[in-house]
Amino acid sequence: MEITVVGSGTVLPELERRQSCVVVETASETLVFDLGSGAVRGMLRAGIDPFSVDRIFFTHFHPDHTVDVVPLLFAIKYAAREPRDRKLVISGPEPFHRFWAALTNVWGEWMVGDYPMPTVQLPLACRVPVETPDCQIFWAKTEHRPESIGYRLEAAGKTFVYTGDTAYGESVVALARNADTLLIECGAPAGGEVPGHLTPEGVARIASESGARRVVITHFPAFLQTDLAAEVRAAGYEGEILTAEDGTKFSP
Ligand SMILES: [Zn+2]
Ligand SMILES: [Zn+2]
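This text gives an overview of the structure that appears in the document. Everything numeric here is computed off the predicted structure, so don't read it as measured data.

## Section: the environment of Glu 131
One can find Glu 131 in strand E7 (residues 130-131). Using a count of 9 C-beta atoms within 10 Å as the deciding quantity, one classes Glu 131 as exposed. Sequence spacing of Glu 131 and Ser 52 is 79 residues, and the spatial spacing of their C-alpha atoms is 19 Å.

Take a look at the structure:
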């Protein structure tokens, strides 16, 4: 798996940072996790072909994680170099069918293609993982919204976990258990609580308790200009720490 943080920003508009989007390229497929504002152009900036997407997964329904699905599907329908017949699987947490029906009620004709586009509603608890040709995908409830979930990908003996938005929670620790790389949000500044988001102390707590080998910090407001990696280190996490920018790439 090759992972690209396409968008590392938050609800706050920033020129250099797009909203949440993570692309995972496996041996034969391109998977996208979240599609916040700017994600499609962010893929271009990061050298990823937006038309290559095979599967989309949403962590929750906040606009900074979902809105760019509209321009992405609009582009695939009307601007692809050749008409698409390859399927595009779109998955999100329960009640995803209701969310998707509302979205396609507004934009449907302009975004719903003639190619196969199955939608999958993931129950809050993962009983059976999603099997793709190259990896297994598990998920678990996060502490952010009633529907919010994070994802865990296992492929070729490596594990990658993406929290989406969350505060501290035991299910997040369990999801991240012994991950090779944990891509984790840090939406709250040190010492300042923001409901449903993690401070650097919260990042360190989840990372340490889960035994994650490396963390990559994302979804933080850059204007703070604090050294988040140093703050996570000071809070007691002993593994490797990276801070994402738009376009940051890594393997788990
Ligand atoms: Zn968010
Ligand atoms: Zn959110």
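## Thoughts on the sheet that holds strand E12 (residues 214-218)
On the basis of which strands lie adjacent, the open sheet formed by seven strands has the order E7-E8-E9-E10-E11-E12-E13 and mixed pairing. In this open sheet, the two strands that pair with only one neighbour each are E7 and strand E13 (240-243). Strand direction decides the pairing type here: strand E10 (residues 158-162) and strand E11 (residues 181-185), joined by three bridges, are parallel. By the bridge assignment, Val 161 is partnered in E11 with Leu 182.

## Notes on the environment of Ala 155
Take Ala 155: it is sitting in strand E9 (residues 149-155). Expressed as a C-alpha distance, the spacing of Ala 155 and Asp 134, which sit 21 residues apart in the sequence, is 6.4 Å. Ignoring anything within four residues of it in the chain, the contact list for Ala 155 reads Met 1, Thr 26, Asp 134 and Cys 135.

Scoring rules and cut-offs
- Residues numbered from 1 in each chain as written.
- Chains lettered and ligands numbered in written order.
- Predicted model: local features only at pLDDT ≥ 70, side-chain atom pairs only at ≥ 80, totals over all residues.
- Helix = DSSP H or I, 4+ residues; strand = E, 2+ residues; numbered from the N terminus.
- Buried ≥ 20, exposed ≤ 12 C-beta atoms within 10 Å, placed from the backbone.
- Pairing = 2+ DSSP bridges.
- Contact = placed C-beta atoms within 7 Å.

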